[in-house]
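The residues making up each chain are set out below.
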Amino acid sequence: MRGRAETFAPLSARRLLALGGIGLILVGMLVGDIFAVFVLHQNAAKVGGSLSAAAHAAVAGDANTVAASFQSVGSFLENRGTKVDTHVHMIAFGYLALVLAILQPWVALRESTRKKLAWLFLFGSWLLPVGVFLIHYVGLAHSPLTTIGWASIFADLGGVVVVLATLGYLLGIVRHLRQRHSVPMQDGLIDDRSAAGSVLFAGGLTLVLLGFLHGGYYAAFDLNRHEALDYSLLSEMSIAAGEKNTSAVDSALGSYGQLGGEKAVNIAAHAHAIEFGLLAMLLAFFQPYVRLRDPWKRAWAWVLLAGSLGLPVFVLLELKLGLLAGGIADVSGLFVIIALLAMWIGIVRYTGKIDSDAQLPAGRRA
Amino acid sequence: MIAARRLLIVGGIGLALLGMTYGVWYAVFAEHQELDGIGKSLTTSFSAAASRDSAAASVALGEYKELKHAYDRHVDVHGHWIGLATILIVLGIGLDRVGFREQFKALLAATLLAGSFLFPLGVLLQTLSRGTGPRVLAVAGSALVIASLAGITLGFARGQKG
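Residues numbered from 1 in each chain as written. Chains lettered and ligands numbered in written order. Predicted model: local features only at pLDDT ≥ 70, side-chain atom pairs only at ≥ 80, totals over all residues.

Enquirer: Before we move on, could you go through the overall build of chain A and cite the residues and values that matter?
Expert: A tally of regular secondary structure across chain A gives 11 helices and 0 strands. Along the chain direction, N to C, the helices and strands of chain A fall in the order α-α-α-α-α-α-α-α-α-α-α. Counting only C-alpha atoms, chain A reaches 85 × 50 × 35 Å along its principal axes. Split into buried and exposed, the 366 residues of chain A put 41% on the buried side. A fraction of 82% describes how many contacts in chain A between residues 6 or more apart in sequence connect residues 24 or more apart. (Helix = DSSP H or I, 4+ residues; strand = E, 2+ residues; numbered from the N terminus. Buried ≥ 20, exposed ≤ 12 C-beta atoms within 10 Å, placed from the backbone. Contact = placed C-beta atoms within 7 Å.)

Enquirer: Which residues make up the overall build of chain B, and what values do they have?
Expert: Secondary structure assignment for chain B yields 4 helices and 0 strands. Sequence-ordered secondary structure for chain B, helices as α and strands as β, is α-α-α-α. On C-alpha atoms alone, chain B measures out to a radius of gyration of 21 Å, which is more than a quarter above the 15 Å that the 2.2 N^0.38 rule sets for 162 residues. Expressed along its principal axes, the backbone C-alpha trace of chain B runs to roughly 75 × 30 × 25 Å. For chain B, the proportion of its 162 residues judged to be buried stands at 44%. When contacts within chain B are restricted to residue pairs at least 6 apart in sequence, long-range pairs at least 24 apart make up 77% of them. (Rg over C-alpha atoms; globule rule 2.2 N^0.38 Å.)

Enquirer: Tell me what's going on with the packing of helix α9 (residues 294-321) of chain A against helix α10 (residues 323-348) of chain A, and back it up with residues and numbers.
Expert: The description of two helices packed together rests on the angle between their axes and the distance between the axes. All names here are of chain A. Put simply, α9 and α10 touch, their axes get as near as 7 Å, and they point 160 degrees apart. As judged from the angle between their axes, α9 and α10 are roughly antiparallel. As for how α9 packs across α10, the hand of that crossing is left-handed. Classifying every residue of the contact of α9 with α10 by side-chain character gives 20 nonpolar, 6 polar and 1 charged. (Axes fitted to C-alpha atoms, helices over the stretch in contact; angles between N-to-C directions. Parallel < 35°, antiparallel > 145°, perpendicular 65-115°, else oblique. Left-handed = near helix turned anticlockwise from the far one by under 90°. Nonpolar A, V, L, I, M, F, W, Y, C, P; charged D, E, K, R; others polar.)

Enquirer: I'd love a proper account of the domain arrangement of chain A, names of residues and values included.
Expert: All names here are of chain A. Domains assigned within chain A are domain 1 (10-177) and domain 2 (193-223 + 266-356). Taking the mean C-alpha position of each, domain 1 and domain 2 sit 22 Å from one another. Taken together, the contact between domain 1 and domain 2 spans 17 residues of the former and 18 residues of the latter. Among the secondary structure elements, those contributing two or more residues to the side of domain 1 that touches domain 2 are α2 (13-60) and α3 (63-102). Tallying contributions element by element places α2 first for the side of domain 1 that touches domain 2, with 12 residues. (Domains from an automatic or database assignment.)

Enquirer: Mind laying out the nonpolar core, listing which residues take part and the relevant values?
Expert: The biggest cluster of nonpolar side chains holds 112 residues, and the ones touching the most others in it are Val99(A), Ala280(A), Leu282(A), Leu8(B) and Leu88(B). Mapped onto the domain boundaries, this core takes at least three residues apiece from domain 1 (10-177) and domain 2 (193-223 + 266-356) of chain A. Residue contacts for Ala280(A): discarding those within four places in its chain leaves Leu200(A), Gly203(A), Gly204(A), Leu207(A), Leu304(A), Leu305(A) and Ser308(A). Among the nonpolar cores identified, the runner-up in size contains 31 residues, and Val47(A), Phe70(A), Leu234(A) and Ala57(B) belong to it. (Core = buried A, V, L, I, M, F, W, Y, C linked by C-beta atoms within 7 Å.)

Enquirer: Requested: an account of the environment of Ser58(B), with residues and values cited.
Expert: Residue and element names in this part refer to chain B. Looking at the secondary structure, you find Ser58 in helix α2 (residues 54-93). Take Ser58: there are 16 C-beta atoms within 10 Å of it, and that puts it in the partly exposed class. With 13 residues separating them in the primary sequence, Ser58 and Ser45 have C-alpha atoms 6.7 Å apart.

Enquirer: Requested: an account of the interface of chain A and chain B, with residues and values cited.
Expert: Accessible area lost on assembly of the parts is the figure often given for the size of an interface. On the side of chain B, 33 residues touch chain A, which itself brings 39 residues to the contact. Only α2, α3, α6 (195-221), α7 (223-242) and α8 (246-285) of chain A provide two or more residues apiece to the side of chain A that touches chain B. Among the elements that take part in the side of chain A that touches chain B, α6(A) stands out by supplying 10 residues, more than any other. Among the residues forming the side of chain A that touches chain B, the class breakdown is 28 nonpolar, 8 polar and 3 charged.

Enquirer: Explain the confidence of the model for chain B residue by residue, including any values.
Expert: Detailed reading of the predicted model is not advised wherever pLDDT is low. Residues and elements named next belong to chain B. Of all residues in chain B, 99% have pLDDT values of 70 or greater, and the mean over the chain is 91. Mean pLDDT values over the elements of chain B span from 88, in helix α1 (residues 3-50), up to 96, in helix α3 (residues 102-125). Here the complex is predicted with pTM 0.87, and the ipTM for its interfaces comes to 0.90. (pLDDT = per-residue confidence, 0-100.)

Enquirer: Go over the packing of α7(A) against α1(B) with me, naming the residues and quoting the values.
Expert: Between α7(A) and α1(B), the shortest axis-to-axis distance is 7 Å and the interhelical angle comes to 25 degrees. Here α7(A) is positioned roughly parallel relative to α1(B), judged by the angle of their axes. As α7(A) packs across α1(B), the resulting crossing turns out to be right-handed. Contact residues: Ser238(A), Ala241(A) and Gly242(A) in α7(A); Ser45(B), Phe46(B) and Ala49(B) in α1(B).

Enquirer: I'd like a rundown of the environment of Phe119(B), residues and numbers included.
Expert: Residue and element names in this part refer to chain B. Relative to the elements of secondary structure, Phe119 occurs in helix α3. Classification of Phe119 by C-beta neighbours within 10 Å gives buried; the count is 28. C-alpha of Phe119 to C-alpha of Gln103: the two residues are 16 residues apart in sequence and 24 Å apart in space. Ignoring anything within four residues of it in the chain, the contact list for Phe119 reads His80, Ala138, Gly141, Ser142 and Val145.

Enquirer: Lay out α10(A) in plain terms, naming residues and giving numbers.
Expert: All names here are of chain A. In this model α10 runs 37 Å from its N-terminal to its C-terminal C-alpha over 26 residues, within 8% of the 38 Å that 1.5 Å per residue would give. The set of residues buried in α10 consists of Ala329, Ser332, Gly333, Phe335, Val336, Ala339, Leu340 and Met343. Looking at the buried positions of α10, the neighbouring elements they touch are α2, α8 and α9. (Expected span 1.5 Å × (residues − 1).)

Enquirer: Describe unusual backbone geometry, listing the residues and the values that go with them.
Expert: You will see that Lys244(A), though not glycine, has its phi angle at about 55 degrees, which is positive. With respect to the secondary-structure elements, Lys244(A) resides in the loop between α7 and α8. Phi is positive for Arg52(B), which is not a glycine, with a value near 60 degrees. Mapped onto the secondary structure, Arg52(B) falls in the loop between α1 and α2. Accessibility expressed as a C-beta count within 10 Å gives 14 for Arg52(B), which makes it partly exposed.

Have a look at this one:
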């Protein structure tokens, strides 16, 4: 037993959810990075191109081309939307897996049941984003339904599986809350106060706060102006097209593209600061599982936080500094991915001490 | 479980369920209809411009403005309720790292929970009314969230020193 404990511990439901959750976040971030570099800007250019084609067709009085151009816009937006959804759902399910992993001591179910629920949860968490990703490519091919394709059907099935597994855990938590507990619960992960965990929790909390402050500032000073500008620029385009004024159409199209960029960077900065902050806070609880030396654990915590701060800050600066800021933001995202991978490897190397302690009666715990 | 922790975890789970239920309603009954409406109103507007019918173009753009206003807020409400719920649960689990008395922690928890519910609710009500009431509710809710998060951050720093 001693040799086994010092190599790799068998997976508990908690470690399975932790490894699966971080794995989902890692792949979701990689998909996001690949999407940002190879799809996002090209797709935005195509959407802009189609809108321009529609406006110029309106100048020429060609209503058929207007309709065809807006159909293209719809198709490009669907392609973009399914890729964003894949990225977002993988990461969101990863977060949920980490939350469920932390909550395991409160789930009053047998370990074997909790483990089955964990596998079920992870299966659904992969099925949904893979299904969503394939929607654009599979379409309605061989579908028994007229509006929903096979990819959507499997994506929805994945969502149902995730909901069922989560409800199973929720049932376990309700059972725990209904039981009487004379001794306060002790848990190796929640009670941990290591330096790496504290750095991650403090940094994460600060990032969440900064994200909310930026979101509040954006909502107070820019959101309404951007919404009014969106309408007035489209109106300008439409009126200028009706008057066959091509230069006014082009000017409005240019401003509309710039507005889209401004909105996108503000929303992305706000969302990424909060998401990375939350990720850092969640990872703080798993530091006892990370089997690396303390200086390395602290170093990876700082790398993760540096990347988590760098990405939203340089995304915001993209409008002023252009591609340079975009490049730094991408590198910052890579920092987060590498630090996360290091922690994931540390959790794989874990020896099982906390899990075996948790299975002992309270009085016999180390 | 201590009161503040229970409030955050149980409140967070409740808010997540509310956000997900709202998301299901929205996906089935509102999202596709709004997106279709946005696409159609833009096409109608530019087609009308091509036919030199400026009045019809203006009416269609007006429809686009209303639909876009509602669509953006519906998406925001879903995302913010679930996102805030996750933050509530995580802070609930880590609350013993915050170096304040239990009573003050319970006050911070209640403020955060109230703000997390009211802020997206104010945004949602903006789809029904353009008046100041919903905007005031959204601003007040977000102020509660920011103030309580700042308090918890201070409490965490205090806990580390202690």
